[in-house]
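Next come the chains, spelled out residue by residue.
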Amino acid sequence: MQSGELTLSNHGHIDLALKHFPSKVEVYFLDCGSVPVPCNPHQPDELEYEVHSSNLVLGRFVLKIKWRVATVREVVWKVYY
Amino acid sequence: MASSNGEGSCLESVLLKKILVFGFYHKGNAGDNFFIDAFQVLFPDFDFQFINHITKHHLLNIDGVFIGGGSLIGEPISLDDGVFDLLKQQNIFYIGVGSETNIHPQHLQLLQIATLITIRNKEGLEKIKKINPKTIVIPDLVHSLTPKLSNCKIHKSILFLPNVLVMPQFDDPHWKYSAWEYFKTETAQFLDLMIKQNYYLSFFPLSTNFELNDIFAGIEINNRMQYRDSGYFINNDSSFAAITHLMSQYSLIITQRYHGIILAEMLNIPCLAISHHHKINSSFGHNISYYGLTKDQLKKETEKIFASLPKVSPNLPFNSNISGFEELIRKVKDALCGD
């Protein structure tokens, strides 16, 4: 398993290098628990993620996380193999 | 548009000055390639040609030669036979060079006749001033650039910038082998410990030269680790914006490269420099010597840095500031104006 936390603001994306292709991935806002995105339909905050192959890393697979948030948000990511 | 005090006409005359810039350009070293962007930011009116080898043809119809930036005065100048005497007839400027090395006899001759010398550290000022008093200190040229910041910070993350130059080749002296073998073993143990503690680790090469790729060094360290993983290695696409965007996502930079320190300082990221060379003895962040480094030292320094970090927060906006270069810009333009 790989896991970690991110601090996000504004909008953007990040590619997190993975060891290999995962069996399961979870990405969620820390203060909302593990819920489908968008986290809260009453807020503009959005979180998306996907696993894809990439030339960015020698390990070939990355977890791409995209976001658009109104304030600073904490995000948890977990990757199971 | 000349002004009555003559300042306008002076500025007009420096427009489109043709400048040849000699340094370690186009060789896959990110630090040296950043200087290309920096010169164009500092002197937007000049027409630059960046080269790493000088021929007779390069010296035709130019207004001056910039030598720099970087640590190059200890090395011979790469040029064709018979070109050195032609080079000495040019308007020579040393811009943003390191003064920590010995001086090669070719550079000594050119330093003596240079119109202006700007070095990037105070330590060498007296030494260079004795050769030519027209010497000033300026910040590293990369400070003139505006980094691109990420809107994401990865908690407990380490970006390791290895340096291929410390790796021995078969004909190197024994001490270089011993130092590298010891360093690899200790560093691998330290990084394994960090992985066990759920740190996110990446290796990133600031040099991707065909023969001197920092990934070579990173792979040897990775090979010594129990938790070795090809996913640690990130490719370098060499643009200043892409590199600063990537680096700004990390919470700690461990660097064996000089420009790792400079970028960490610009991005306000804690930095641990592993020094094998005088120029990597950083005034920013923490330093440890490459020689005889232990995993306990690395662990202690890293814990100290993470303990002093405030709660992880997003990157602050960066305000571009080239005020440290005003004297350089004025002196270069004055010298070229007087032609």
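Residues numbered from 1 in each chain as written. Chains lettered and ligands numbered in written order. Predicted model: local features only at pLDDT ≥ 70, side-chain atom pairs only at ≥ 80, totals over all residues. Heavy atoms only, no water.

(A) Seen up close, the overall build of chain A. Each helix and strand in chain A was counted, giving zero helices and six strands. Counting all 81 residues of chain A, 43% fall into the buried class. Taking the intrachain contacts of chain A between residues at least 6 apart in sequence as the baseline, contacts between residues at least 24 apart amount to 71%. For chain A, the exposed surface amounts to about 4,200 Å²; the carbon and sulfur share of it is 51%. (Helix = DSSP H or I, 4+ residues; strand = E, 2+ residues; numbered from the N terminus. Buried < 20%, exposed > 50% of the residue type's maximum accessible area, 1.4 Å probe, protein only. Contact = heavy atoms within 4.5 Å. Areas by Shrake-Rupley, 256 points an atom, 1.4 Å probe, with all protein chains shown as cover.)

(B) Up close: the overall build of chain B. Helices and strands together make up the secondary structure of chain B, namely eleven helices and twelve strands. Since a compact globule built from 339 residues should have a radius of gyration of about 20 Å, the 21 Å found for chain B is in line with a globular shape. If one aligns the C-alpha atoms of chain B with their principal axes, the spans along those axes are about 70 × 50 × 35 Å. Counting the 339 residues in chain B, one finds 55% classified as buried. Taking contacts inside chain B between residues at least 6 apart in sequence as the whole, the part at least 24 apart equals 69%. (Rg over C-alpha atoms; globule rule 2.2 N^0.38 Å.)

(C) Main features of the interface of chain A and chain B. Contact with chain A, which involves 24 residues of that partner, is made by 20 residues of chain B. For the pair chain A and chain B, the summed buried area comes to about 1,800 Å², and 50% of that belongs to carbon and sulfur atoms. The residue Asp229(B) makes a salt bridge to Lys19(A) at a minimum N-O spacing of 3.4 Å. Inspection of the region where chain A meets chain B yields nine residue pairs in polar contact (both at pLDDT 80 or more). Of all elements in the fold, only β1 (2-8), β2 (11-17) and β6 (73-80) of chain A reach the threshold of two or more residues within the side of chain A that touches chain B. Here the side of chain A that touches chain B gets six residues from one element, more than from any other, and that element is β2(A). Broken down by class, the residue content of the side of chain A that touches chain B amounts to twelve nonpolar, eight polar and four charged. Where β1(A) lies against strand β7 (residues 152-154) of chain B, three bridges are found, and the strand directions are antiparallel. Bridge assignment links Leu8(A) to a residue of β7(B), and that residue is Cys152(B). (Buried area = accessible area lost by both parts, 1.4 Å probe. Salt bridge = Lys/Arg side-chain N within 4 Å of Asp/Glu carboxyl O. Polar contact = N/O pair within 3.5 Å; in protein donor to acceptor, adjacent residues only side chain to side chain. Nonpolar A, V, L, I, M, F, W, Y, C, P; charged D, E, K, R; others polar. Pairing = 2+ DSSP bridges.)

(D) Seen up close, unusual backbone geometry. Residue and element names in this part refer to chain B. Not every positive phi belongs to a glycine, and lysine 156 is a case in point at roughly 45°. Relative to the assigned elements, lysine 156 resides in the loop between β7 and β8 (157-161). The phi angle at asparagine 268 is positive, at roughly 60°, despite the residue not being glycine. Tracing the sequence through the fold places asparagine 268 in the loop between α9 (258-267) and β11 (271-275). Its relative accessible area of 59% is what places asparagine 268 among the exposed residues.

(E) Spotlight on the packing of aromatic side chains. Residue and element names in this part refer to chain B. A full pass over the atoms with the stated rule returns 23 aromatic pairs over all chains. Measuring from centroid to centroid gives 5.6 Å for phenylalanine 48 and phenylalanine 50, while their planes differ by 40°, and the two rings are tilted. Judged by centre distance (4.8 Å) and plane angle (50°), the rings of phenylalanine 183 and tyrosine 290 are tilted. A residue pair is termed long-range when its members are at least 10 positions apart, and phenylalanine 183 in helix α6 (residues 174-196) and tyrosine 290 in the loop between β12 (286-289) and α10 (295-308) qualify at 107 residues. (Phe/Tyr/Trp six-rings, centres within 6.5 Å; stacked < 30°, edge-to-face > 60°.)

(F) Quick look at the side chain of Thr135(B). Residues and elements named next belong to chain B. With respect to the helices, strands and loops of the structure, threonine 135 is situated in strand β6 (residues 135-137). Among the polar contacts made by the side chain of threonine 135, one reaches the main-chain carbonyl oxygen of asparagine 132 at a distance of 2.6 Å. With sequence-adjacent residues up to four places away left out, threonine 135 is seen in contact with Ile117, Ile119, Leu125, Ile128 and Lys129.

(G) The arrangement of the pattern of salt bridges in detail. One pass over the full model with this rule turns up 15 salt bridges over all chains. As a salt-bridge pair, Arg73(A) and Asp45(A) come within 2.3 Å of each other at their nearest N and O atoms. Residue Arg73(A) is found in strand β6, and its partner Asp45(A) is found in the loop between β3 (24-29) and β4 (46-53); the two are separated by 28 residues along the sequence. An identical accessibility class is assigned to Arg73(A) and Asp45(A); each is buried. Of the charged contacts in the structure, one is a salt bridge between Arg120(B) and Asp140(B), with a shortest N-O distance of 3.2 Å. You can see Arg120(B) sitting in the loop between β5 (116-119) and α5 (125-131) and its partner Asp140(B) sitting in the loop between β6 and β7, a full 20 residues away along the chain. This pair shows no difference in class: Arg120(B) is buried, exactly as Asp140(B) is.

(H) Examining the sheet that holds strand β5 (residues 61-68) of chain A more closely. Residue and element names in this part refer to chain A. Strand order in the open sheet formed by three strands is β2-β5-β4, with antiparallel pairing between adjacent strands. At either margin of the open sheet sits one strand with a lone partner, and together these are β2 and β4. Across the sheet, the mean angle separating the axes of adjacent strands is 20° when strand polarity is ignored. With eight bridges joining them, β4 and β5 adopt antiparallel strand pairing. Its bridge partner being in β5, tyrosine 49 is matched across the sheet by isoleucine 65. (Axes fitted to C-alpha atoms, helices over the stretch in contact; angles between N-to-C directions.)

(I) Region of interest: the side chain of Arg73(A). Here Arg73(A) falls in the buried class, since its relative accessible area comes to 4%. A distance of 2.3 Å separates the side chain of Arg73(A) from the side chain of Asp45(A), its partner in a polar contact.

(J) Molecular detail of the environment of Ile73(B). All names here are of chain B. Summarising the element assignment, isoleucine 73 is placed in the loop between β3 (64-67) and α3 (83-88). Between the alpha carbons of isoleucine 73 and glutamate 100 there is a distance of 9.1 Å; along the sequence they are 27 residues apart. The residues touching isoleucine 73, leaving out its near neighbours within four places in the chain, are Tyr94, Val97, Gly98, Ser99, Thr101, Asn102, Ile103, His104, His107 and Ile128.

(K) Representation of the pairing of strand β2 (residues 47-51) of chain B within the structure. Residues and elements named next belong to chain B. Pairing between strand β1 (residues 18-22) and β2: five bridges, direction parallel. Bridging across to β2, lysine 18 finds its partner in aspartate 47. The parallel pair β1 and β2 is bridged by helix α2 (residues 30-42), and the resulting crossover is right-handed. (Right-handed = clockwise from strand over helix to strand, strands pointing away.)

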